[in-house]
Amino acid sequence: MKFFLDTGNIKDIESLMPLGIVDGVTTNPSLMAKEGGDPRKIIKQICEIVKGPVSAEVVALDADGMIREGRDWAKLDEHIVVKVPFTREGVKAVKTLAADRIKVNVTLCFQAAQALIAAKVGAAYISPFVGRLDDIATDGMGLIQQIVDIYHAFDYKTEVLVASVRGPMHIVEAARMGADVCTCPPAVIEACFKHPLTDIGLEKFLKDWAAATKK
Ligand code: G3P
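Attention here is on the structure that accompanies the text. (Residues numbered from 1 in each chain as written. Predicted model: local features only at pLDDT ≥ 70, side-chain atom pairs only at ≥ 80, totals over all residues. Heavy atoms only, no water.)

Focus: the sheet that holds strand β5 (residues 104-109)
Okay, step 1: Read around the closed barrel, 8 strands run β1-β2-β3-β4-β5-β6-β7-β8, paired in parallel fashion. Ignoring which end each strand starts from, the neighbouring axes of this sheet average 25 degrees apart.
Okay, step 2: Set on the sheet, helix α5 (residues 88-99) makes contact with β4 (80-85) and β5; between it and β4 the angle comes to about 155 degrees. (Pairing = 2+ DSSP bridges. Helix = DSSP H or I, 4+ residues; strand = E, 2+ residues; numbered from the N terminus. Axes fitted to C-alpha atoms, helices over the stretch in contact; angles between N-to-C directions. Contact = heavy atoms within 4.5 Å.)

Now the structure itself:
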């Protein structure tokens, strides 16, 4: 399973890249707004650091506007994946952008029928938001299982990109279900490095080693 970082923060990306597990980055307008700078410049910089798929989202609501913005994003860097919301206009835009060989990530997916439609029009990725479903007492990971099953049944090449991830258990479940990508906020990656038994075990190993080598 691929790991993407769900952030527009350069410092966080630079600090996690040396782990060797980051395959790409996803952004959205809210994440970019948090950074405060020119989103185009920041996203270009992210592409240069990550050298893997970097999702940049369109903000137009009509298909023509989305296509225009999508083509413009694609010119910025070879690693750009254009993020398009799942709307009627968005679906129209995906078909045209995909025909231009521009990779599209269909975002704001909350039901399996949306994922099926996105795959039919040639999306490179589908982004189901599991955390936001969990937040309203709906089974976010259940949606991932449905999409994985449908894509397997019809051999769709669209990659299942688990988004709106809240913690390490979302990563574990995504991997068990065979999702292609899990995009994680930096804090979720950090949480994978915090386990009391790892800390206690390491402390004991070092103590025993020091005792043994002192003799
Ligand atoms: O980038 C899309 C998605 O991951 C947003 O997550 O935490 O705002 O629900 P969240």
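Description of the site of the ligand
Okay, step 1: As a structural note, the neighbourhood of the ligand is formed by Asp6, Asn28, Lys83, Phe129, Arg132, Ala163, Ser164 and Arg166.
Okay, step 2: A distance of 2.5 Å separates an oxygen atom of the ligand from a polar side-chain atom of aspartate 6.
Okay, step 3: Between lysine 83 and the ligand, the recorded distance is 3.2 Å, taken from a side-chain N or O atom to an oxygen atom.
Okay, step 4: Within the complex, 83% of the 310 Å² of free accessible area of the ligand lies under protein.
Okay, step 5: Across the shell around the ligand, the residue classes break down as 2 nonpolar, 2 polar and 4 charged. (Near = heavy atom within 4 Å. Polar contact = N/O pair within 3.5 Å; in protein donor to acceptor, adjacent residues only side chain to side chain. Areas by Shrake-Rupley, 256 points an atom, 1.4 Å probe, with all protein chains shown as cover. Nonpolar A, V, L, I, M, F, W, Y, C, P; charged D, E, K, R; others polar.)

Brief notes about the side chain of glutamate 57
Okay, step 1: By the element assignment, glutamate 57 lies in strand β3 (residues 54-57).
Okay, step 2: Here glutamate 57 is buried and forms no salt bridge, its nearest opposite-charge partner lysine 83 lying at an N-O distance of 4.0 Å.
Okay, step 3: Filtering out sequence-adjacent residues up to four positions away, glutamate 57 remains in contact with Thr27, Asn28, Pro29, Trp73, Lys83 and Thr107. (Buried < 20%, exposed > 50% of the residue type's maximum accessible area, 1.4 Å probe, protein only. Lys, Arg positive; Asp, Glu negative; His and termini not counted. Salt bridge = Lys/Arg side-chain N within 4 Å of Asp/Glu carboxyl O.)

A word on the nonpolar core
Okay, step 1: Counting residues in each nonpolar core, the largest one holds 58 residues, and the members touching the most others are Ile43, Ile126, Ile144, Ile147 and Val162.
Okay, step 2: Here this core gets 6 residues from one element, more than from any other, and that element is helix α8 (residues 140-154).
Okay, step 3: Apart from the residues lying within four places of it in its own chain, the contact partners of isoleucine 144 are Pro128, Val130, Val160, Val162, Met177 and Ala179.
Okay, step 4: Val81, Phe129, Leu161 and Val181 belong to the second-largest nonpolar core, a separate cluster that totals 8 residues. (Core = buried A, V, L, I, M, F, W, Y, C linked by side-chain atoms within 4.5 Å.)

Here's the deal with the pairing of strand β6 (residues 125-128)
Okay, step 1: Across the two faces of β6 the burial is the same, with Tyr125 and Ser127 and Ile126 and Pro128 all buried.
Okay, step 2: By the bridge criterion, 3 bridges tie β5 to β6 in an arrangement that is parallel. Its bridge partner being in β6, valine 106 is matched across the sheet by isoleucine 126.
Okay, step 3: You can see the chain leave β5, run along helix α6 (residues 112-120) and come back into β6, and the turn it takes is right-handed.
Okay, step 4: Judged from the 2 bridges that link them, β6 and strand β7 (residues 159-162) form a sheet pairing that is parallel. For isoleucine 126, the partnering residue across the bridge sits in β7 and is valine 160. (Right-handed = clockwise from strand over helix to strand, strands pointing away.)

A closer look at the pattern of salt bridges
Okay, step 1: Scanning the entire structure with this criterion turns up 9 salt bridges.
Okay, step 2: Across the salt bridge formed by lysine 44 and glutamate 48, the nearest N and O atoms sit 3.9 Å from each other. Taken together, the positions of lysine 44 and glutamate 48, both in helix α3 (residues 39-50) and 4 residues apart, correspond to about one turn of that helix.
Okay, step 3: Exposure remark for glutamate 48: the relative accessible area of 44% places this residue in the partly exposed category.
Okay, step 4: Across the pair aspartate 100 and arginine 71 runs a salt bridge whose closest N-O atoms are separated by 2.6 Å. Of this pair, aspartate 100 sits in the loop between α5 and β5 while arginine 71 sits in helix α4 (residues 63-76), placing them 29 residues apart in sequence.
Okay, step 5: With a relative accessible area of 36%, arginine 71 lands in the partly exposed category.
Okay, step 6: What emerges from the salt-bridge pattern is a single network uniting Lys44, Glu48 and Asp77.

Quick look at the packing of α4 against α5
Okay, step 1: Interaxial distance between α4 and α5 falls to 8 Å at its minimum, and their mutual angle equals 45 degrees. Overall, the two elements α4 and α5 adopt an arrangement that is oblique. As for how α4 packs across α5, the hand of that crossing is right-handed. Facing α4, whose interface residues are Ala63, Met66, Ile67, Gly70 and Arg71, α5 presents Glu89, Gly90, Lys92, Ala93, Thr96 and Leu97. (Parallel < 35°, antiparallel > 145°, perpendicular 65-115°, else oblique. Left-handed = near helix turned anticlockwise from the far one by under 90°.)

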